[in-house]
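This is what each chain is made of:
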Amino acid sequence: MKACVAPDEDTGRADGPGGHSGHGRGHHGGTAGHDGGAADRGAAGRGRRGRAARREGRSPRLRPHPFGLRTRLVLAFLLVAAVGCGTTAALTYRAARNAILEQTQDTAVSAFREQVAALGVTLPVEPDMLRDTLMLVARQGKPRAWRVYAEYGTLRVSSTDRPTSSVITPELRARAADDQAVPHGSFQRVVRNGTPYLTIAVPAVFLAHSPEGPPQRTGLVFYAVMELDEEEANIEAMVTAARDGALPALAVALIPALIAARGVLRPVRELRHAARSMGRGRLDTRIHATGSDELADLARTFNESAAELERSVAELRDAEARARRFASDVSHELRTPLAGMLAVTEVLDEDAGTLDSDTARAVRLISAETGKLAVLVEDLMEISRFDARAAELHTDEVDAADCVRKTLQHRHWTDPAQVVPYLGEGIRARLDPRRFDVVVANLVGNALRHGAAPVTVRLWAEEEQLVAEVADRGPGIHPDVLPHVFDRFYKADQARTRSAGSGLGLAITLENVRLHGGTVTASNSPEGGAVFTVRMPL
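What this report covers is the structure whose coordinates are included nearby. Note that this is a predicted model, so its numbers are computed, not measured. (Residues numbered from 1 in each chain as written. Predicted model: local features only at pLDDT ≥ 70, side-chain atom pairs only at ≥ 80, totals over all residues. Heavy atoms only, no water.)

1. Considerations on the overall build of the protein
- Tallying secondary structure elements over the protein gives 10 helices and 14 strands in all.
- Put simply, the protein has 538 residues, and 38% of those count as buried.
- For the protein, long-range pairs separated by at least 24 residues make up 69% of all intrachain contacts whose partners lie at least 6 apart in sequence.
- Per element, the accessible surface of the protein, about 30300 Å² overall, is 56% carbon and sulfur. (Helix = DSSP H or I, 4+ residues; strand = E, 2+ residues; numbered from the N terminus. Buried < 20%, exposed > 50% of the residue type's maximum accessible area, 1.4 Å probe, protein only. Contact = heavy atoms within 4.5 Å. Areas by Shrake-Rupley, 256 points an atom, 1.4 Å probe, with all protein chains shown as cover.)

The structure is reproduced here in structure tokens:
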């Protein structure tokens with residue numbers, strides 16, 4: 001195990017764009033976040049970064065939707081097929097039913113009229129003779145035997161043992177007795193106790209003067225009653241056949257429904273895979289577009305958009321790479337002359353007391369600005385290493401509280417009126433001591449510069465995580481600034497042309513925390529002041 005010791009030459013500094021930013025830096029040669037030119041990489045750092053990369057690269061597993069597009073297409077196809085089958089069956093049933101009933105009805109009505117017309121009935125009516133006539137007519141019924149009834153005034157005679165029938169309705173009797181109606185008879189379909197009947201009424205007539213004259217009513221009316229149970233059975237059989245045929249038809253319709261759904265979903269599935277592939281960074285993904293339908297047009301549009309996106313991203317990456325190379329090259333080129341300038345300014349600072357006031361003020365100004373320029377150069381070199389993914393962790397198991405204590409002592413932040421530490425003891429964590437020192441120094445220095453004393457530093461362990469919190473007593477961070485507080489060179493007050501530091505302090509802090517696989521957040525305390533919270537795996 002290794003103790004956490006801050007570099008002897010390192011001092012704390014805080015700066016920030018628009019109110020909150022900062023980092024710790026050494027006076028001579030290299031920022032606190034610098035790799036120090038070490039050749040060996042930390043095995044734990046590589047493992048943690050590898051796990052983080054795998055977590056970021058793993059795409060979320062899509063759960064199948066119970067009512068997805070395939071299901072909806074198949075259901076829609078089956079619904080159309082069912083509606084078609086139902087409509088066809090209903091129309092067929094209606095036409096067949098009417099045909100069956102009309103055929104039976106026409107046959108029965110015609111036959112009964114002929115039978116009545118052929119009767120020779122003498123008036124006044126003899127009941128026994130009329131009964132024999134009715135029984136003869138009933139036996140000759142078509143398409144099957146009838147039950148025949150006759151009514152003459154109050155006389156009621158039938159071919160059965162009952163003189164009247166409840167099936168014969170008052171409406172039918174009224175039509176048969178209507179003097180204005182043509183005396184060819186009437187018919188009616190009636191249902192009694194679930195049994196369908198055909199009832200026919202034909203009045204007996206005679207010719208008064210000549211065969212060409214109009215027939216005259218005699219007052220005698222014949223009624224025929226025939227059950228339609230056979231026709232109803234035929235109709236029910238037809239309905240059953242239509243129903244039994246519809247179910248296999250729907251089952252057969254399922255096959256073209258699945259084929260059609262597959263044809264529609266194939267390009268949609270390809271589009272989904274292509275979009276997911278592009279989301280993973282493969283911008284050269286394209287879809288094979290065939291045909292001339294809407295889905296083929298969608299595939300071609302996707303390919304055109306993907307090609308344009310690939311070209312734009314390539315240009316942006318090239319521009320970003322050129323900008324990074326430019327910043328890195330400029331920083332490296334300025335580093336050597338700045339080292340000489342810093343040495344000269346240190347000598348001038350030592351002799352400033354022997355110079356006149358104006359010259360001494362100018363010397364101190366040059367020395368201060370040269371130091372700021374050196375800080376900016378070192379910060380640019382550090383941030384370029386993060387951008388190039390060249391920053392490495394060199395971790396060791398350390399006492400986290402001892403690390404924070406060393407950071408505060410090294411920067412002389414031991415005055416309780418300025419910094420108040422609340423450190424949980426005995427917390428062992430695997431960290432890069434130097435980078436963790438930068439994180440704490442940046443946050444504390446930033447709070448001292450832009451917040452208000454006393455600054456509270458808390459450290460504790462929570463659910464396999466190391467939590468460090470730095471809070472000040474200042475006015476806090478404006479809500480509009482909070483989302484951008486870790487951005488590079490961000491300024492809350494755009495009227496300010498320059499900040500007190502490089503404007504990269506909190507950005508470097510964020511990158512150092514991410515390198516450990518942790519997070520850092522900024523918020524405002526309900527009691528006032530800004531609160532920065534760092535969480536790292538133990």
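2. Focus on the packing of aromatic side chains
- Per the counting criterion, the structure on display carries two aromatic pairs.
- A centroid spacing of 6.1 Å and a plane angle of 90° characterise the contact between Phe486 and Phe532, whose relative ring orientation is edge-to-face. Taken as a pair, Phe486 in the loop between β12 (465-471) and α10 (505-515) and Phe532 in strand β14 (residues 530-537) lie far apart in primary sequence, 46 residues in all. As far as the burial class goes, Phe486 and Phe532 line up, both buried.
- The ring of Tyr223 carries Arg173 above its face, with NZ or CZ at 6.0 Å from the centroid. (Phe/Tyr/Trp six-rings, centres within 6.5 Å; stacked < 30°, edge-to-face > 60°. Lys NZ or Arg CZ within 6 Å of the ring centre and 35° of its normal.)

3. Some details on α10
- Judged by how many residues are buried, α10 sits mostly within the fold: 10 of 11 residues are covered.
- Listed in full, the buried residues belonging to α10 are Gly505, Leu506, Ala507, Ile508, Thr509, Leu510, Glu511, Asn512, Val513 and Leu515.
- Backbone geometry just downstream of α10 places Gly517 in the positive-phi region, at approximately 80°.

4. As for the environment of Pro337
- Along the chain, the position of Pro337 falls in helix α6 (residues 294-351).
- Taking the relative accessible area as the measure of exposure, Pro337 reaches 41% and is therefore partly exposed.

5. Some details on unusual backbone geometry
- Lys142 connects to Pro143 through a cis peptide bond whose omega is 0°.
- Locating Pro143 in the fold gives a position in the loop between α3 (127-139) and β3 (147-152).
- Cis geometry is adopted by the peptide bond preceding Pro454, which originates at Ala453 and carries an omega value of -5°.
- Along the polypeptide, Pro454 turns up in the loop between α9 (433-450) and β11 (455-461).
- Positive phi, close to 50°, is recorded for Glu463, a residue that is not glycine.
- Tracing the backbone shows Glu463 in the loop between β11 and β12.

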